[in-house]
Amino acid sequence: MRDVAIVGAGMIPFGELFDQGIKDMVSRAFGATLGSVDKGMRADEIEAAWFSEVQSVDGFPAGLLADACGLTDIPVTRVENACATGNDAIRNALYAVGGGYVDVALVLGADKVRDTASSATFWDWMSTNRDSAWDLPLGLISPASFALHVARYMHEFGATREHLARVAVKNHRNGARNPYAHLRFEVTMEQVLAAPMVVEPFGLLDCVPQSDGAAAVIIAGKDVVDRYTDRPVWVRGVGTGMDRVMHAHKADLSYFAATRKAAQRAFGMAGVGPGDIDVAEVHDCFSGVEMMTYEDLGFCDRGEAPRLLEKEETSIGGRIPVNPSGGLKSKGHPPGATGLAQCTELFEQLRGEAVNQVDGARWALAHNVGGPTAVSAVTILEGPRG
Amino acid sequence: MEISALATYRPSWVDASGRRTLGPDEDVATLAVSAGRLLGDRLADVDRVVLVTRRPDALLGTTPEVVLEGLGLDAATPFVEQVGGAPATVETLLAANPGTLVLAVDPLAPAASAAALVQAGSLVLDRPATARHSVPVRTVPLTGAGDRVYDDPRLLREQGWKRAAAEVVKEGMHPVTVAGVPAKVAGSLVRGALPGIPENEAAAPLLLIARAATDGQDVRLVAVENGHAVAVDVTLAGSVPVLTAERATHPAPATWEPASAAEIPASPAAYGRAFEAKVGFKAGVCSCGERHYPPRAQCVACGALDAQHLVPLPRSASVYSAVTVRAPVPGKTVPYALAVVDVDGTDVRALVHITDDPPGRAPIGARGRLVLRRIAVRAGVPDYGYAFQPEEQHA
């Protein structure tokens, strides 16, 4: 397989985008991404596209992307893999480009969450992810699905709500400076702890907002990278991992088995380890999920994640800064766009252009976990200095 | 006509007037099962079921199937839904053949349910008498709307209850106990009557028979409703088992209504496929011995296809992880607690609601039982399954 690099990455500001339909969002994210290519790129240089979208809105997803971006002359495929869709779509495109079937591919992610009534959104989205007879009627809403893990972790390792709040405070601090973030404000520990309860142990400020958004990357094979940039960001590893879909069937709720499997594959492919990673974008849909994921990605030993937060090792300036973009927590979480937005942030980080720049970052990792915590996708990137 | 065993159940919640009231996940079907299951192995003798209530969950729905599966009885067991109040329960008992399980359910506060196994036993009902007059002071509309009550309590009492009761009391050596009227009326309707109980519909006669059996006290039971009365002598020839489930009570909120309405998507086809395992709490056991809950086509251990049969799971469990949902989930009564529980003696876990306690009181490690509850109402159709009832904490 040949080497593959990201040569362009872009996004639109996330938020409640009541003034944009999904087609508008897709077109604009595509424009931003094409515009980010250092030496320029025409749309007709793209040979195939993958559309990362979790919930279909406004019709047939792949056709919608082809039409909205003027790409009706190339094959377009929609990828859906719950909240891991974004990084999993990159994996799909990487196989095509790395295998030599395609030289230049677009991976564009988008989701339009705020086009339906709040109550309808709730059950529409839950129905995509739950067994109709067994889990759906119980009301295993997304925060509860993750809270069952975090509650067990807290029980086993003595983590507290203060540890969770540290994640929210850190990510909001980063996101407040990110012009593309949905929630551009800082929060204090006191505010996080005092916020109304959603699902114990998560208060409102431990949870992601409901965001609309779109983001994309353009990847190219090594043979053609030079046409587009002298500062490519190499995709060194991809991995997707699964777990049993029902919580009752997961061997141990104190970790995310899907994340461990995805990370192991991605690190194995990249030939590096967790200790090599300089900056990471981690799926912090709920504060405690980021905390637990430090361990599943190998950033610290089992049970040590709370210490990492206490020592601020995942803050900018720490040993392994996590979510310099603000994470899902502050930047927002349109599921299909999330993984692409993470890679957009890391593209900038590895080229030294990020708003919250991690000095000298060379290796980066992006991580999603989703569905009923049954799928994870990890992407490992290496900067142009490598 | 003889009774060999009795069971009574009262829900864990009380309304603002201090009356037992249903939890958000209870209805006539779950109340019937909550009482009936207390009879345990004795249910093996049941070959017919009669469910008496003045207020069925629906005129057509899922009640018989759920009650039979919830009791672990064969789905082909004859099942009669009898609409009626206190007199109807006594009439049902008198007409029942041995092998009949009589379930009586009062879903409105004061709520309760009771079960009697009609079978050769030490409790005998005889010397029946009936009186019936038209005194339609209370009428119950079919639609489930509130009762219509003609505003003359004295008419109901004098021309209805008292006249009918007087005609059936008869002279005898047993003290009188009156079912079907408020507790404060029961003691005074007939001279010398024993004190009453709060329950006053179909469950009341069985609750009073259970009280008589517990106290070892023979009684003349008089069951009344509007202008209808049925009386019978309750005589004890020996001790009769009375199984009782009553937990410490918690105040119920003013309403269990969801904060915002929403129709939870339903698939009767999917529910139908899950029904026996879900309502009977049964695992799919593979020929290799591996247990699956829910059952599935392919064994996770040996990979065999279609090699599973359903086997009931133990009902005791402990909490592996638990959370409380406080966000106003559309269509759900909040707060509610969700738990993954370890089923005792197996490697089976189940995701369930926690029931019968205010949410948040059952931490990881808490022990309890799995009980049949109405998990949700989806597109108007009730959906039943199991919930975790924590053991009571005795100070």
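Bear in mind that the values here come from a model prediction, so they are computed numbers and not experimental data.

Chemist: In this structure, what is going on with the overall build of chain A? I would like to understand it.
Modeler: Looking only at helices and strands, chain A features 13 helices and eleven strands. Relative to a compact globule of 386 residues, whose C-alpha radius of gyration would be 21 Å, chain A shows 19 Å and is just as compact. Oriented by its inertia axes, the alpha-carbon framework of chain A measures out at about 55 × 45 × 35 Å. Across the 386 residues of chain A, 67% fall into the buried class. Counting only contacts in chain A whose residues sit at least 6 apart along the sequence, the fraction spanning at least 24 positions is 77%. Counting only carbon and sulfur atoms, one obtains 48% of the accessible surface of chain A, whose full area is about 12,400 Å². Each charge class in chain A was averaged separately, 35 positive and 49 negative side chains, and the resulting centres sit 3 Å apart.

Chemist: Explanation requested: the nonpolar core in the structure shown.
Modeler: Within soluble globular proteins, side chains that are nonpolar generally end up buried alongside one another. With 64 residues, the main nonpolar core has Ile-277, Phe-299 and Ile-380 of chain A as its most contacted residues. Ranked by residues supplied to this core, first place goes to helix α5 (residues 142-157) of chain A with eight residues. One finds Val-46, Ala-322, Val-352 and Tyr-384 of chain B within the second-largest nonpolar core, a separate group that totals 58 residues.

Chemist: Is there a simple way to think about the pairing of strand β23 (residues 381-390) of chain B in this case?
Modeler: Remember that side chains alternate between the two faces of the sheet whenever the strand is regular. Residues and elements named next belong to chain B. Across the ten residues that make up β23, a large majority, eight, are buried. Both strand β21 (residues 349-354) and β23 contribute to a ladder of two bridges, which runs parallel. Bridge pairing links His-353 to Ala-387 in β23. Bridge count for strand β22 (residues 367-378) against β23 is ten bridges, and the pairing is antiparallel. Looking at the pairing, Val-377 lines up with Pro-382 of β23. The loop that links β22 with its antiparallel partner β23 comprises two residues; one of these, Ala-379, has a positive phi angle of about 50°.

Chemist: I'm lost on the packing of α5 of chain A against helix α10 (residues 287-296) of chain A in this one. Help?
Modeler: The relative placement of two packed helices is expressed as an angle between their axes plus a distance between the axes. All names here are of chain A. As a packed pair, α5 and α10 sit with axes 10 Å apart at the nearest point and diverge in direction by 60°. One element, α5, and the other, α10, form an angle in the oblique class. You can see that α5 and α10 cross each other, and the crossing is left-handed. Residue-level inspection shows Phe-146, His-149, Val-150 and Tyr-153 of α5 in contact with α10, the latter providing Gly-288, Val-289, Met-291, Met-292 and Glu-295.

Chemist: What am I meant to see in the sheet that holds strand β3 (residues 20-21) of chain B here?
Modeler: Consider a sheet: its strands pair through backbone hydrogen bonds, and that pairing is either parallel or antiparallel. All names here are of chain B. Taken together, the three strands give an open sheet; going across it, the order is β3-β2-β15, and neighbouring strands pair in mixed fashion. Taken across any chain shown, the strands that pair with only one partner, and hence form the sheet edges, are β3 and β15 (250-251). With two bridges joining them, strand β2 (residues 13-14) and β15 adopt parallel strand pairing. Along β15, the bridge assignment pairs Trp-13 with His-250.

Chemist: It is not clear to me how the domain arrangement of chain B should be interpreted in this structure. Could you clarify?
Modeler: You'll often see interface size given as the accessible area lost when the parts meet. Residues and elements named next belong to chain B. Annotation of chain B at the domain level lists domain 1 (2-251) and domain 2 (268-278 + 314-390). Inter-centroid distance (C-alpha atoms) of domain 1 to domain 2 is 29 Å. Counting residues at the interface gives 20 residues for domain 1 and 18 residues for domain 2. For the domain 1 and domain 2 pair, buried surface summed over both sides reaches about 1,700 Å², with 51% attributable to carbon and sulfur atoms. Remark: the boundary between domain 1 and domain 2 carries four salt bridges. Taking the shortest distance from any N to any O, the salt bridge between Arg-374 and Asp-27 comes out at 3.9 Å. Along the contact surface separating domain 1 from domain 2 lie seven residue pairs in polar contact (both at pLDDT 80 or more). Every element with two or more residues in the side of domain 1 that touches domain 2 is listed here: α1 (28-36) and α2 (63-71). For the side of domain 1 that touches domain 2, the residue count by class is six nonpolar, six polar and eight charged.

Chemist: Would you mind showing me how to read the packing of aromatic side chains here?
Modeler: The relative placement of two aromatic rings is captured by the distance of their centres and the angle of their planes. Summed over the entire model, instances satisfying the criterion amount to nine aromatic pairs over all chains. Among the aromatic residues, those joined into a ring-pair cluster are Trp-134 of chain A together with Phe-281, Tyr-293 and Tyr-386 of chain B. Here the basic side chain of Lys-278 of chain B rests over the ring of Trp-134 of chain A, its NZ or CZ set 5.9 Å away from the ring centre. In this structure, Arg-349 of chain B is placed above the aromatic ring of Tyr-320 of chain B, and the distance from its NZ or CZ to the ring centre is 3.7 Å.

Chemist: Please clarify how the interface of chain A and chain B should be interpreted in this entry.
Modeler: With 34 residues of chain A at the interface, the matching set in chain B holds 39 residues. The junction of chain A with chain B conceals about 3,000 Å² of combined surface from both sides, 67% of it contributed by carbon and sulfur atoms. Its largest share of buried area at the contact with chain B, chain A owes to Trp-123, Trp-134 and Leu-138 of chain A, together 25% of the area lost on that side. For the interface between chain A and chain B, the tally reads one salt bridge. Across the contact surface, chain A and chain B share 18 residue pairs in polar contact (both at pLDDT 80 or more). Mapped by element, the contributors of at least two residues to the side of chain A that touches chain B are α4 (118-127), α5 and β5 (197-199) of chain A. The element best represented in the side of chain A that touches chain B is α5 of chain A, accounting for six residues.

Calculation rules
- Residues numbered from 1 in each chain as written.
- Chains lettered and ligands numbered in written order.
- Predicted model: local features only at pLDDT ≥ 70, side-chain atom pairs only at ≥ 80, totals over all residues.
- Heavy atoms only, no water.
- Helix = DSSP H or I, 4+ residues; strand = E, 2+ residues; numbered from the N terminus.
- Rg over C-alpha atoms; globule rule 2.2 N^0.38 Å.
- Buried < 20%, exposed > 50% of the residue type's maximum accessible area, 1.4 Å probe, protein only.
- Contact = heavy atoms within 4.5 Å.
- Areas by Shrake-Rupley, 256 points an atom, 1.4 Å probe, with all protein chains shown as cover.
- Lys, Arg positive; Asp, Glu negative; His and termini not counted.
- Charge placed at Lys NZ, Arg CZ, Asp CG, Glu CD.
- Core = buried A, V, L, I, M, F, W, Y, C linked by side-chain atoms within 4.5 Å.
- Pairing = 2+ DSSP bridges.
- Axes fitted to C-alpha atoms, helices over the stretch in contact; angles between N-to-C directions.
- Parallel < 35°, antiparallel > 145°, perpendicular 65-115°, else oblique.
- Left-handed = near helix turned anticlockwise from the far one by under 90°.
- Domains from an automatic or database assignment.
- Buried area = accessible area lost by both parts, 1.4 Å probe.
- Salt bridge = Lys/Arg side-chain N within 4 Å of Asp/Glu carboxyl O.
- Polar contact = N/O pair within 3.5 Å; in protein donor to acceptor, adjacent residues only side chain to side chain.
- Nonpolar A, V, L, I, M, F, W, Y, C, P; charged D, E, K, R; others polar.
- Phe/Tyr/Trp six-rings, centres within 6.5 Å; stacked < 30°, edge-to-face > 60°.
- Lys NZ or Arg CZ within 6 Å of the ring centre and 35° of its normal.

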